[in-house]
Amino acid sequence: MVDIRWFDDNPSLAPALAAAVADDLRAVLQKEPHAALAVSGGRSPVPVFEALRGEDLDWARVVVTLVDERWVPETDPASNAALVKTHLLQGRAAAARFVPLYTGDGSAREAEGALAAAFNGLPLPFAALILGMGDDGHTASLFPASPNLDAGLAPGGSVADTPPCLAQVGAVAPTERMSMTLPWILHARRVYLQFGGAGKADVFAAALAGPSRQYPVSFVLAQTQTPVTVFAARN
Ligand SMILES: O=C(O)[C@H](O)[C@@H](O)[C@H](O)[C@H](O)COP(=O)(O)O
């Protein structure tokens, strides 16, 4: 069941999404020693990160990681790790532990094993996981054009028999990507999908119609294992 919350624009959406994620983190921290948060890159999350970092919670007990990464070092402007460190891990949130996806290995594929070990050390399931959506219906780095999209979608896979992250090569220029796989994206107490603009609203409507490799995000929307809340901005 997908819960959809509409907003006029991203600036009005961001504080509401940040508050919801903060509540999820607090709820886990009331019962567990640590809580894990996984976030996406791109432009949309920036105001959410800037609202979330000001939330009053025990950030020292929070572990933050990425849903996907461009295979570049943090010095590269395309780096999602740099985006998170710049806009989220500041102020109160600077106390959180960050687990990057980029390992410095020559290729994302070489790093899959190391990331499997890193993810198995996270306080799972994720308290919250934030996804974005591209104009082509991709989410994380699960692109319609990904040569190994099927492996990323792991049909019938569970976290027990699916790597947490798989390299997505040749999916989108210019860089190789590393992406969480669908079973691990769903290994969360709640998944949030954030997008904005009329064009993406049409893509979202098409993806909501049912699971299709044409719109990888549709597999998140179609499943019934994990609650999904959509934060959508009309403009
Ligand atoms: O690394 C990335 O780029 C993201 O993880 C990607 O999946 C993003 O969420 C969408 O492309 C939407 O990006 P925008 O928010 O910039 O539209």
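If you're wondering where the values come from, they're calculated on a predicted model, not measured in any experiment. (Residues numbered from 1 in each chain as written. Predicted model: local features only at pLDDT ≥ 70, side-chain atom pairs only at ≥ 80, totals over all residues. Heavy atoms only, no water.)

K.L.:
Account for the sheet that holds strand β7 (residues 165–168), naming residues and giving values.
P.N.:
Across the sheet, 3 strands lie side by side as β4-β8-β7; this open sheet has antiparallel pairing. Edge positions in the sheet fall to β4 (68–70) and β7, since each has one partner strand and no second. Here the average twist between neighbouring strands, direction ignored, is 20 degrees. With 4 bridges joining them, β7 and strand β8 (residues 177–180) adopt antiparallel strand pairing. Within the sheet, the bridge partner assigned to A167 lies in β8 and is M178. Sitting on the sheet, helix α4 (residues 108–120) is in contact with β7 and β8, with an inclination near 165 degrees to β7. (Pairing = 2+ DSSP bridges. Helix = DSSP H or I, 4+ residues; strand = E, 2+ residues; numbered from the N terminus. Axes fitted to C-alpha atoms, helices over the stretch in contact; angles between N-to-C directions. Contact = heavy atoms within 4.5 Å.)

K.L.:
Give me the site of the ligand: which residues, what numbers.
P.N.:
In the vicinity of the ligand lie 14 residues, with S44, D68, R70, A140 and K200 positioned nearest. Take N80: an N or O atom from its side chain is 2.9 Å from an oxygen atom of the ligand. The fraction of the free accessible surface of the ligand (420 Å²) that becomes covered by protein chains is 92%. Of the residues assigned to the shell around the ligand, the class counts are 2 nonpolar, 7 polar and 5 charged. (Near = heavy atom within 4 Å. Polar contact = N/O pair within 3.5 Å; in protein donor to acceptor, adjacent residues only side chain to side chain. Areas by Shrake-Rupley, 256 points an atom, 1.4 Å probe, with all protein chains shown as cover. Nonpolar A, V, L, I, M, F, W, Y, C, P; charged D, E, K, R; others polar.)

K.L.:
Break down the pattern of salt bridges for me, citing the residues and quoting the values.
P.N.:
Between side chains of opposite charge, a pair can form as their charged atoms come close. All told, the structure shown has 7 salt bridges when counted by the stated rule. In this structure, D68 and R177 form a salt bridge, with 3.5 Å as the shortest nitrogen-oxygen distance. Of this pair, D68 sits in strand β4 while R177 sits in strand β8, and the two are 109 residues apart along the sequence. Given the relative accessible area of 5%, D68 is considered buried. For R177, a relative accessible area of 11% puts it in the buried group. Here K85 and E74 are joined by a salt bridge, their closest N and O atoms 3.0 Å apart. In this pair, K85 is assigned in helix α3 (residues 80–87) and E74 in the loop between β4 and α3, connecting sequence segments 11 residues apart. On the accessibility criterion, K85 (34% relative accessible area) is partly exposed. By relative accessible area, which is 37% here, E74 ends up partly exposed. (Salt bridge = Lys/Arg side-chain N within 4 Å of Asp/Glu carboxyl O. Buried < 20%, exposed > 50% of the residue type's maximum accessible area, 1.4 Å probe, protein only.)

K.L.:
Before we move on, could you go through the sheet that holds strand β10 (residues 228–233) and cite the residues and values that matter?
P.N.:
To summarise the sheet geometry, strands pair through backbone hydrogen bonds and adopt either a parallel or an antiparallel arrangement. Sheet architecture is open: 7 strands sit in the order β1-β10-β9-β6-β2-β3-β5, paired in parallel fashion. Looking at which strands have only one partner, the edges of the open sheet turn out to be β1 (2–7) and β5 (97–99). Adjacent strand axes in the sheet meet at a mean angle of 20 degrees, parallel and antiparallel pairs treated alike. Pairing of β1 with β10 involves 6 bridges; the strand directions are parallel.

K.L.:
Outline the packing of helix α1 (residues 10–29) against helix α2 (residues 45–52), listing residues and values.
P.N.:
Running from N to C, α1 and α2 cross one another at 50 degrees; their axes reach a closest spacing of 8 Å. Here α1 is positioned oblique relative to α2, judged by the angle of their axes. Crossing hand, α1 versus α2: right-handed. For the pair formed by α1 and α2, the contact residues are N10, A14, P15, L17, A18, V21 and A22 on the first element and P47, V48, A51 and L52 on the second. Among the residues making up the contact of α1 with α2, the classes are represented as 10 nonpolar, 1 polar and no charged. (Parallel < 35°, antiparallel > 145°, perpendicular 65-115°, else oblique. Left-handed = near helix turned anticlockwise from the far one by under 90°.)

Take it as geometry only, folks, not as evidence of what the structure does.
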